[in-house]
Amino acid sequence: QFYHSWVGSVFGFSYAVFYKVPSFMHPAPKPTPRFVTEGLSCASPKFRPLVAGIEQSETGGYPYIATNVYTLKVYKWPSYKAAYTALQSMIAQHQVFAVGIAQVKTNLFPVFHMSLQKALNPCDSARFVEWALQKNLEWAQGRGMEGTQAIQAAVSAYTSGHLNIH
């Protein structure tokens, strides 16, 4: 199956729509950076299309990235070491960032049992996205949503930052 995603924002609400595309409409594949392939290989096959869509919509698939949640300034570094060093310094100054491919907020690391090292690791980030999607999917299904409606609710909850993981 081949999936496309469309991401947008209306009146401050983010959303993502994933849909199947008939086989005759498949575009030529884009080159996939090594770190995206590496990260996606850590997600279960069932969730790979959704994880890929979220990673692409959140960061363009770039792992050494952080967004200051207050100023919305985006920082990109050429390597893990550069990102880790810079972020350690900025976090020590009580700044809050959404980090890595999964864009996990640093102030929520303890809640999600995350760390800066894990957030910057493509494999750990892919696993986090899958875990959060699974929790959101369970939440949606527990409220009577099924199929595509449940998947859309789970993805929307993730991309809007409203994780239903209780």
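Cut-offs and rules
Residues numbered from 1 in each chain as written. Predicted model: local features only at pLDDT ≥ 70, side-chain atom pairs only at ≥ 80, totals over all residues. Heavy atoms only, no water. Helix = DSSP H or I, 4+ residues; strand = E, 2+ residues; numbered from the N terminus. Buried < 20%, exposed > 50% of the residue type's maximum accessible area, 1.4 Å probe, protein only. Axes fitted to C-alpha atoms, helices over the stretch in contact; angles between N-to-C directions. Parallel < 35°, antiparallel > 145°, perpendicular 65-115°, else oblique. Left-handed = near helix turned anticlockwise from the far one by under 90°. Contact = heavy atoms within 4.5 Å. Nonpolar A, V, L, I, M, F, W, Y, C, P; charged D, E, K, R; others polar. Phe/Tyr/Trp six-rings, centres within 6.5 Å; stacked < 30°, edge-to-face > 60°.

Peer 1: Where do I start with unusual backbone geometry in this structure?
Peer 2: Most peptide bonds take the trans form, and the phi angle of most residues other than glycine is negative. Residues other than glycine seldom take positive phi values, yet H94 does so here, at roughly 65 degrees. By secondary structure assignment, the location of H94 is in the loop between α3 (80–92) and β5 (97–99). Classification of H94 by relative accessible area gives exposed; the value is 72%. Of note in this structure, H113 is not a glycine but carries a positive phi near 55 degrees. As for its placement among the helices and strands, H113 is situated in the loop between α4 (109–112) and α5 (116–119).

Peer 1: Whenever I open this one, the packing of helix α2 (residues 48–59) against helix α7 (residues 147–159) confuses me. Can you help?
Peer 2: Helices that pack against each other are described as a pair by the angle of their axes relative to one another and the distance between those axes. Relative orientation of the contacting elements α2 and α7 amounts to 30 degrees, with a least axis distance of 11 Å. For the element pair α2 / α7, the angle class is roughly parallel. In this structure, α2 crosses over α7, and the sense of that crossing is right-handed. Here L50, I54, S57 and E58 of α2 come into contact with α7, specifically with I151, V155, Y158 and T159. Residues that form the contact of α2 with α7 fall into these classes: 5 nonpolar, 2 polar and 1 charged.

Peer 1: Please clarify how the packing of aromatic side chains should be interpreted in this entry.
Peer 2: Two aromatic rings are characterised by how far apart their centres lie and by the angle between their planes. Under the counting rule described, the total for this entry stands at 8 aromatic pairs. On the basis of an interplanar angle of 85 degrees and a centroid distance of 6.2 Å, the ring pair of Y62 and Y64 is categorised as edge-to-face. Owing to a relative accessible area of 22%, Y62 belongs among the partly exposed residues under this scheme. Residue classification places Y64 among the buried residues on the basis of a relative accessible area of 13%.

That is the geometry; function is a separate question.
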